Protein chains: 2
Amino acid sequence: MKNIWIDKLKEKGMRITAQREAIVDILSQSDKALEPIEVYDLTRQNHPTLGMVTVYRTMECLEELGLLQKVHQDSGCNKYLKVKEGHNHLLICRGCGKAIYFEGLDMEMQFEGIAQQHNFNLEDHWLQLNGLCQQCQASGR
Amino acid sequence: MKNIWIDKLKEKGMRITAQREAIVDILSQSDKALEPIEVYDLTRQNHPTLGMVTVYRTMECLEELGLLQKVHQDSGCNKYLKVKEGHNHLLICRGCGKAIYFEGLDMEMQFEGIAQQHNFNLEDHWLQLNGLCQQCQASGR
DNA sequence: TGTATTATTGAAAATGACTTTCATTATCAA
DNA sequence: TTGATAATGAAAGTCATTTTCAATAATACA
Ligand SMILES: [Mn+2]
Ligand SMILES: [Mn+2]
Ligand SMILES: [Zn+2]
Ligand SMILES: [Zn+2]
């Protein structure tokens, strides 16, 4: 996973720095949606001199490369999660941000019908299930 | 519509001021998701002395009263739309923010199944169709 | 109706997330 | 190894939103 990300950065002509590697380590392995400040804190455990600016810049790059996507929750809209191949929908924990992609619901045709009824040109859709994961239930939120 | 909102404010013991009435006028009549600055500009056409702070405070109240809800889009997550009675899903224009609530898709059971597979306690879900309304298509975005 | 109480208002200052600037440093192709 | 230049991070800047606070206005009630 990490190597794929690093390769994509190289393909785009970007240099591989220790900072970028450390940030990629965190984000490519996390199954939780993370805010920049969380990435900063986690990365600094192994790389204490890292600057917040570099986190912002690197995450922006990763999003542009299609490796990260923004995730919206009531608790905030500045969380980022690794992208999964193909079209997927999201099940996400409001407690800890743990995210699970799922597929298999076949509603795309119905969505198109609704859009047409209202003369909309449908571009995409967003389906997200919000709840509490097992651990967060156990820890009583 | 406006009167219902005003009554709800009164019920909560809030005073009815000219500013609040003007803001309620705009928001209760709009079928577009609006940002605070847009509400400010629209309201100031009839109430030029209004302050931005009052817009923020009033919109926060209206959200807490369940009259307004936040709408998330790529273009920003600070837009607010009047709530529609019952459970609804949203079709929204990325150009102008025009929003249409729809219902009739019956997927709640499937959602519950997916959550259970992953030991999640499902709390709610967001389904939003994103596209361009007829006018925005015509004006070529 | 007048008056007291107190919620509301808006200017101004504060906050905080994010961006920009820029001198220094590190990567990597040659 | 070296030179071109991309990347870094401290510091300053932006901008949306929040907080503070003195003045004002809405409501309850005498
Ligand atoms: Mn889908
Ligand atoms: Mn639903
Ligand atoms: Zn959780
Ligand atoms: Zn539109």
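Summarised in this report is the structure supplied together with it. Small disclaimer: the values here were computed from a predicted structure and weren't measured.

1. Topic: the coordination of the zinc ion (ligand 4)
Residue and element names in this part refer to chain B.
Phase 1: For the zinc ion (ligand 4), the full set of protein donor atoms is C93 (SG), C96 (SG), C133 (SG) and C136 (SG), and the range of their distances to it is 2.2 to 2.4 Å.
Phase 2: Coordination at the zinc ion (ligand 4) comes from 4 donor atoms whose angles at the metal span 103 to 117 degrees, giving a geometry best classed as tetrahedral.
Phase 3: Motif for the zinc ion (ligand 4), donor spacing along one chain: C-x2-C-x36-C-x2-C. As far as burial versus exposure is concerned, C133 and C136 are alike and both buried.

2. A few points about the coordination of the zinc ion (ligand 3)
Residues and elements named next belong to chain A.
Phase 1: The zinc ion (ligand 3) binds to the protein through C93 (SG), C96 (SG), C133 (SG) and C136 (SG), with metal-donor distances spanning 2.2 to 2.4 Å.
Phase 2: For the zinc ion (ligand 3), the 4 donor atoms in the first shell make angles of 104 to 115 degrees at the metal, so the coordination geometry reads as tetrahedral.
Phase 3: Each donor residue of the zinc ion (ligand 3) lies on the same chain, and together they follow the pattern C-x2-C-x36-C-x2-C. In this pair, C93 is assigned in strand 3 (residues 89–93) and C136 in helix 6 (residues 134–138), connecting sequence segments 43 residues apart. In this structure, C93 and C136 share a single accessibility class: buried.

3. Thoughts on the sheet that holds strand 5 (residues 121–132) of chain A
Phase 1: Pairing is mixed in the open sheet, where 6 strands are placed in the order 4(A)-3(A)-5(A)-5(B)-3(B)-4(B). The sheet terminates laterally at strand 4 (99–102) of chain A together with strand 4 (99–102) of chain B, the two strands that pair on one side only. Averaged over neighbouring strand pairs, the angle between their axes works out to 25 degrees when direction is ignored.
Phase 2: Both strand 3 of chain A and strand 4 of chain A contribute to a ladder of 4 bridges, which runs antiparallel. In the sheet register, L90(A) faces strand 4 of chain A, and the bridge partner there is Y101(A).
Phase 3: Its contacts with the sheet place helix 5 (residues 108–117) of chain A against strand 3 and strand 5 of chain A together with strand 3 (89–93), strand 4 and strand 5 (121–132) of chain B, and it is angled at close to 125 degrees to strand 5 of chain A.
Phase 4: Of the strands in this sheet, strand 3, strand 4 and strand 5 of chain A together with strand 3 and strand 5 of chain B are in contact with helix 5 (residues 108–117) of chain B, which crosses strand 5 of chain B at around 125 degrees.

4. Details of the protein's contact with DNA strand D
Phase 1: Around DNA strand D sit 17 residues in total, of which T17(A), R20(A), T54(A), R57(A) and Y56(B) are the nearest.
Phase 2: In DNA strand D, atoms within 4 Å of the protein come from the sugar-phosphate backbone in 63% of cases.
Phase 3: T17(A) has a polar side-chain atom sitting 2.7 Å from a phosphate oxygen of DNA strand D.
Phase 4: Contact between DNA strand D and Q19(A): a sugar or linking oxygen at 2.9 Å from a side-chain N or O atom of the residue.
Phase 5: A per-class count over the surface near DNA strand D returns 6 nonpolar, 6 polar and 5 charged.

5. Observations regarding the protein's contact with DNA strand C
Phase 1: Among the 16 residues in the neighbourhood of DNA strand C, the closest are listed as R15(A), Y56(A), R20(B), T54(B) and R57(B).
Phase 2: The protein-proximal atoms of DNA strand C, defined as those within 4 Å of the protein, are 66% sugar or phosphate.
Phase 3: Measuring from a sugar or linking oxygen of DNA strand C, one finds a side-chain N or O atom of Q19(B) at 2.9 Å.
Phase 4: Between DNA strand C and the protein, one listed contact pairs a phosphate oxygen with a side-chain N or O atom of R20(B) at 2.6 Å.
Phase 5: Contributing elements (two or more residues each) for the surface near DNA strand C: helix 4 (52–64) of chain A together with helix 2 (18–29) and helix 4 (52–64) of chain B.
Phase 6: Looking at which element gives the most residues to the surface near DNA strand C, the answer is helix 4 of chain A, with 3 residues.
Phase 7: The class makeup of the residues in the surface near DNA strand C is 5 nonpolar, 6 polar and 5 charged.

6. Details of the environment of I100(A)
Phase 1: Along the polypeptide, I100(A) turns up in strand 4.
Phase 2: Residues in contact with I100(A), not counting those within four places in the same chain, are H89(A), L90(A), L91(A), H118(B) and F120(B).

7. So, the side chain of H125(A)
Phase 1: When you line up the elements, H125(A) lands in strand 5.
Phase 2: Among the polar contacts made by the side chain of H125(A), one reaches the side chain of H87(A) at a distance of 3.1 Å.
Phase 3: A polar contact of 3.1 Å, which involves the side chain of H125(A), links it to the side chain of E108(A).
Phase 4: Those residues in contact with H125(A), other than ones at most four positions away along the chain, are H87(A), H89(A), E108(A), F111(A), Q128(B), L129(B) and N130(B).

Each value, and the rule that gives it
Residues numbered from 1 in each chain as written. Chains lettered and ligands numbered in written order. Predicted model: local features only at pLDDT ≥ 70, side-chain atom pairs only at ≥ 80, totals over all residues. Heavy atoms only, no water. Donors = N, O, S within 2.8 Å, 3.2 Å for Na, K, Ca; no water. Tetrahedral: all angles 85-135°; square planar, octahedral: opposite > 155°, others 65-115°. Buried < 20%, exposed > 50% of the residue type's maximum accessible area, 1.4 Å probe, protein only. Helix = DSSP H or I, 4+ residues; strand = E, 2+ residues; numbered from the N terminus. Pairing = 2+ DSSP bridges. Axes fitted to C-alpha atoms, helices over the stretch in contact; angles between N-to-C directions. Contact = heavy atoms within 4.5 Å. Near = heavy atom within 4 Å. Polar contact = N/O pair within 3.5 Å; in protein donor to acceptor, adjacent residues only side chain to side chain. Nonpolar A, V, L, I, M, F, W, Y, C, P; charged D, E, K, R; others polar.

These figures come from the coordinates and say nothing about function on their own.
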